[in-house]
Amino acid sequence: MWIFPVLFLALGYALVLFGMGRFLQPSHDRLGLRRMDNSVLVQTLARGWAALTSAHTLERITDELTIRRHGTQG
């Protein structure tokens, strides 16, 4: 029964990587979720992994979130 928590954690981690990879891709280059194939999915996960291992990329994420937050107020 230990396999279910491990699979749950692995799926959650993959979703975090996918979300970060998708967020870091420029919006004009993003494919719709239905148009994604296996190679695009792997590239998105790899981009998310690179984001987690690079402090510079995480600063970019926080900067973009700050810009978006201030852009909606003004």
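Each chain carries its own residue numbering, running from 1 in the written order of its sequence. The predicted origin of the model limits local features to residues at a pLDDT of at least 70 and limits the giving and counting of side-chain atom pairs to 80 or more, whereas totals for whole chains, interfaces and linings rest on all residues. Heavy atoms throughout the structure, all of them, feed into the side-chain values; hydrogens and water do not.

**Q** Tell me about the overall build of the chain, and name the residues and values.
**A** Each helix is a run of H or I in the DSSP string that is no shorter than four residues. Each strand is a run of E no shorter than two, and both are numbered from the N terminus. Each helix and strand in the chain was counted, giving three helices and zero strands. When the elements of the chain are put in sequence order from the N terminus, they spell out α-α-α. In the chain, buried positions account for 20% of the 74 residues. Whether two residues are in contact is decided by their heavy atoms: any pair within 4.5 Å suffices. For the chain, contacts bridging at least 24 residues in sequence account for 57% of all contacts bridging at least 6. Computed by Shrake-Rupley with a 1.4 Å probe, the accessible areas treat only the displayed protein chains as cover when residues are assessed. Carbon and sulfur atoms make up 66% of the accessible area of the chain, which totals about 5,900 Å². Relative accessibility thresholds used throughout: buried, under 20% of the residue-type maximum; exposed, over 50%; partly exposed, between the two (1.4 Å probe, protein chains only).

**Q** An account of the side chain of Q25 is needed here, citing residue identities and associated values.
**A** With respect to the helices and strands, the residue Q25 is situated in the loop between helix 1 (3-24) and helix 2 (38-53). Separated by 3.4 Å, the side chains of Q25 and R47 make a polar contact. Not counting chain neighbours up to four residues away, the residues in contact with Q25 comprise R30 and R47. Under the rule applied, a polar contact is a pair of N or O atoms within 3.5 Å (in protein, one hydrogen donor and one hydrogen acceptor; residues adjacent in sequence only if both atoms are side-chain atoms).

**Q** Any details on helix 2? Residues and values, ideally.
**A** In this scheme, a helix's expected span is set at 1.5 Å multiplied by one less than its residue total. Between the first and last C-alpha of helix 2 there are 23 Å, a value that for 16 residues agrees with the 22 Å anticipated at 1.5 Å per step. All of the buried residues along helix 2 are V40, T44, G48 and A51. On an axial view of helix 2, the arc spanned by its buried residues comes to 80 degrees, and they lie on one face. Facing away from the buried surface of helix 2 by more than 90 degrees, the exposed residues are N38, V42 and T53. The arc under discussion is defined with respect to the helix axis, by the directions toward the C-beta atoms.

**Q** Lay out the packing of aromatic side chains with the relevant residues and their values.
**A** For Phe, Tyr and Trp, rings pair up if their centres lie within 6.5 Å, where Trp contributes its six-membered ring, and each pair is then called stacked (planes under 30 degrees apart), edge-to-face (over 60) or tilted (otherwise). Under the counting rule described, the total for this entry stands at one aromatic pair. For the pair Y13 and W49, a centre-to-centre distance of 6.4 Å together with 80 degrees between the ring planes defines the contact as edge-to-face. In this pair, Y13 is assigned in helix 1 and W49 in helix 2, connecting sequence segments 36 residues apart. The class of W49 is partly exposed, set by a relative accessible area of 47%.

**Q** Any chance you could break down helix 1 for me, citing the residues and the numbers?
**A** With 22 residues, helix 1 should cover 32 Å at 1.5 Å per step; its first-to-last C-alpha distance of 32 Å lies within 8% of that length. The set of residues buried in helix 1 consists of L17, F18, M20, G21, R22, F23 and L24.

**Q** Quick one: what's the story with the packing of helix 1 against helix 2, residue by residue and with numbers?
**A** Every axis in this analysis is a line fitted to C-alpha atoms, fitted for helices over the stretch in contact. Angles between the N-to-C directions lie between 0 and 180 degrees. Contact geometry for helix 1 and helix 2: axes closest at 7 Å, N-to-C directions at 90 degrees. Between helix 1 and helix 2, the interaxial angle falls into the category roughly perpendicular. Taking contact as the criterion, the partners of Y13, A14, L17, F18, M20, G21, R22 and L24 in helix 1 are, on helix 2, L41, T44, L45, R47, G48, W49, A51 and L52. Of the residues that constitute the contact of helix 1 with helix 2, the class distribution is eleven nonpolar, three polar and two charged. For classification purposes, angles smaller than 35 degrees are called roughly parallel, those larger than 145 roughly antiparallel, those between 65 and 115 roughly perpendicular, and all remaining angles oblique. Gly is placed with the polar residues, together with every amino acid not listed as nonpolar (Ala, Val, Leu, Ile, Met, Phe, Trp, Tyr, Cys and Pro) or charged (Asp, Glu, Lys and Arg).

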